[in-house]
Amino acid sequence: MRQSHQLPLVGLLLFSLIPSQLCQSCVVSEKDYSHLRLLISAMDNLEQIRGIYGASILLSQRLARIQNPSLEEELSQRIQDDMNRRDMSNLTSGQLALIILAFGACKNPDVRFIHDHHLVEKLGEKFKEEIKNMDTGAVAVLALTCVKRSISNGKIKAAIKDSDTIQKYIESLVHKIQSEKNGGLFGNAYSTGEAMQALFVASDYYQNESNCQETLDAVFNNISQGVFRLPIAAAQILPALLGKTYLDVNKTATCPQSPVNITDEPVPVVPTLSPENISVIYCVKINEISNCINITVKNGSVFLDVMKAAQEKNSTIYGFTMTETPWGPYITSVQGIWANNNERTYWELLSNNKSLSQGAGNYVVKNGEHLEIRWATY
Ligand code: B12
């Protein structure tokens, strides 16, 4: 399976169960903790956290030192039950890596599960099969930094030329991340947490305080607009806001308590929507051929509602399937044509010809919009 994000995560894990070293960070100050409380309460939404997908949430909680024993216990139980039910060979390497990181973070009883189920060995096997497809990204910077540290403290041996190559990769990736700067964000709101982690460990970007403030302001702005409502989205940004990275996962130390008080939870603001209907155009596009339909839905509807309405009208053209993921429903097929990881194909969501940065279950459609689902490659 080719995955740009999961493989570095695995590499990171395989080399990372070592004590962390000094890294430079950009931490939210106490006066801004209200933003963090919003994230922490979003992560508490157990209804949206199924089985093994709780691993990202658990990892984030442990990295951020959030003390919520009942939630931790529930998440850990769900992950273990789900793993016991599943054929573990079907887990992706990225999923396995997240589970091991979450269970291995801080001294806690879950670490036994890693050993009892030989998770690290299983991951090693998957990693060997998949390493040829390893790609780049913020998580790759973390993974490579981890390898670099392991070389410099003698944990793994490498020739000087390999260390130089690693350093060059890190520099070019950091350069790429910085070139994607978009206001205070890197890429979009959802990629910023991992980009921050990469910049903490591999650049001096946040030595400049105004860079730090710029990122924090942009993230706060997005938090207050509800952009991080999903537990998975909240979990991905929270560690960075507390100056933590995946390299801080340390199986030998216990987790001290977080400075953020979670009992003081804010009341979520529910936006009011007018009840009228709105109309949109919805198209399915396969190899330059588009089939379009006019759809009327209630104001406040999401992309998925439009897809369902179209499917009801004509299931041959607009019929689709989906699967639940921590980011919500992922569209797996349309017209019986299935996304395929090996062929790097997927169904891309667009609005007015622009690729969306939210999924079908979250993107709220607007009156007059031209929506499209396009057979695409990545
Ligand atoms: C790799 C990736 C993809 C790959 C996934 C396939 C693959 N085999 O790798 C591809 C390119 C196909 C993809 C597609 C899309 N993606 Co994407 N993707 C990612 C990325 C970079 C890493 C995911 C990952 O590997 N996680 C690690 C593993 C261990 O966890 P996992 O749970 O097994 O991961 C699976 C799910 O995350 C799922 N997935 C990936 N993207 C999306 C998006 C949505 C909406 C859903 C429901 C599921 C999903 O595929 C992963 C691999 O099986 C994340 C970035 C991030 N910060 O998480 C964005 C991310 C999850 N994707 C995002 C988006 C928006 C999309 C698209 C909607 C883009 C579009 N305009 O079409 C589509 C999905 C459309 C659909 N068919 O429903 C957003 C979600 C934001 C949000 N609030 O909804 C993210 C956070 C990127 C971002 N910064 O904006 N994606």
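Please read all numbers here as calculations on a predicted model, not as lab measurements.

On to the overall build of the protein. Summing up its helical and strand segments, the protein has 14 helices and ten strands in all. Put simply, 73% of the contacts in the protein that link residues at least 6 apart link residues at least 24 apart.

Another aspect to go through is the environment of Lys176. Considering the arrangement of structural elements, one finds Lys176 in helix H9 (residues 160-179). Judged by C-beta crowding, with 16 C-beta atoms within 10 Å, Lys176 ranks as partly exposed. Considering only alpha carbons, one finds Lys176 and Phe186, ten residues apart in sequence, at a separation of 10.0 Å.

Considering the arrangement of structural elements, one finds Glu214 in helix H11 (residues 209-224). Judged by C-beta crowding, with 16 C-beta atoms within 10 Å, Glu214 ranks as partly exposed.

Relative to strand E6 (residues 328-334), strand E5 (residues 320-325) runs antiparallel, the two being bridged by six bridges. Within the sheet, the bridge partner assigned to Phe320 lies in E6 and is Val334. Hairpin connection of E5 to E6: two residues between the antiparallel strands.

Time to look at the nonpolar core. Of all hydrophobic cores here, the largest spans 75 residues; its most connected members are Leu39, Ile99, Val141, Ala198 and Ala234. It is helix H8 (residues 138-152) that contributes the most residues to this core, nine residues altogether. Excluding its chain neighbours within four sequence positions, the residues that come into contact with Ile99 are Ile52, Ala55, Ile79 and Leu119. Counting 22 residues, the second-largest nonpolar core is a separate cluster that includes Val280, Val284, Met307 and Ala339.

Mapping Phe303 onto the fold places it in helix H13 (residues 303-313). By the C-beta count within 10 Å, which is 27 here, Phe303 ends up buried. In this structure the C-alpha to C-alpha distance between Phe303 and Tyr363, which are 60 residues apart in sequence, comes to 5.7 Å.

It is worth spelling out the packing of helix H3 (residues 54-63) against helix H5 (residues 93-104) at this point. Two elements in contact, H3 and H5, have axes whose closest approach is 8 Å; the angle formed by their N-to-C orientations is 35°. The crossing of H3 and H5 is left-handed. Between H3 and H5, the contacting residues are Ala55, Ser56, Leu58, Leu59 and Arg62 on the first element and Leu98, Ile99, Leu101 and Ala102 on the second.

Another aspect to go through is the sheet that holds E5. Taken together, three strands build an open sheet; the order of strands is E5-E6-E7 and the sheet is antiparallel. Each edge of the open sheet carries a strand with a single partner, namely E5 and strand E7 (337-338).

Here the focus is helix H12 (residues 231-241). Owing to its 3.6 residues per turn, the α-helix brings residues three or four apart onto one side. When you tally the buried positions in H12, you get eleven out of eleven residues, the bulk of the element. Three or more residues of H12 are buried, namely Pro231, Ile232, Ala233, Ala234, Ala235, Gln236, Ile237, Leu238, Pro239, Ala240 and Leu241. Gly243 lies just past H12 and shows a positive phi near 75°.

Spatially, five strands are ordered E4-E3-E10-E8-E9 in an open sheet, and the strand pairing comes out mixed. Each having just a single partner strand, strand E4 (289-298) and strand E9 (354-355) make up the two edges of the open sheet. The sheet contact formed by strand E3 (residues 277-286) and strand E10 (residues 370-377) spans five bridges and is parallel. Across the sheet, Ile281 pairs through a bridge with His370, a residue of E10. In the packing of H13 onto the sheet, contacts are made with E3, E4, strand E8 (345-351) and E10, and the angle to E4 comes to roughly 110°.

What follows deals with unusual backbone geometry. Most peptide bonds adopt trans geometry, and most residues besides glycine take a negative phi value. Of note in the backbone geometry, Arg65 takes a positive phi value of approximately 60° without being a glycine. What makes Arg65 partly exposed here is the crowd of 18 C-beta atoms within 10 Å. Although it is not a glycine, Asn353 adopts a positive phi angle of roughly 70°. Position of Asn353 relative to the elements: it lies in the loop between E8 and E9.

Cut-offs used in this document
- Residues numbered from 1 in each chain as written.
- Predicted model: local features only at pLDDT ≥ 70, side-chain atom pairs only at ≥ 80, totals over all residues.
- Helix = DSSP H or I, 4+ residues; strand = E, 2+ residues; numbered from the N terminus.
- Contact = placed C-beta atoms within 7 Å.
- Buried ≥ 20, exposed ≤ 12 C-beta atoms within 10 Å, placed from the backbone.
- Pairing = 2+ DSSP bridges.
- Core = buried A, V, L, I, M, F, W, Y, C linked by C-beta atoms within 7 Å.
- Axes fitted to C-alpha atoms, helices over the stretch in contact; angles between N-to-C directions.
- Left-handed = near helix turned anticlockwise from the far one by under 90°.

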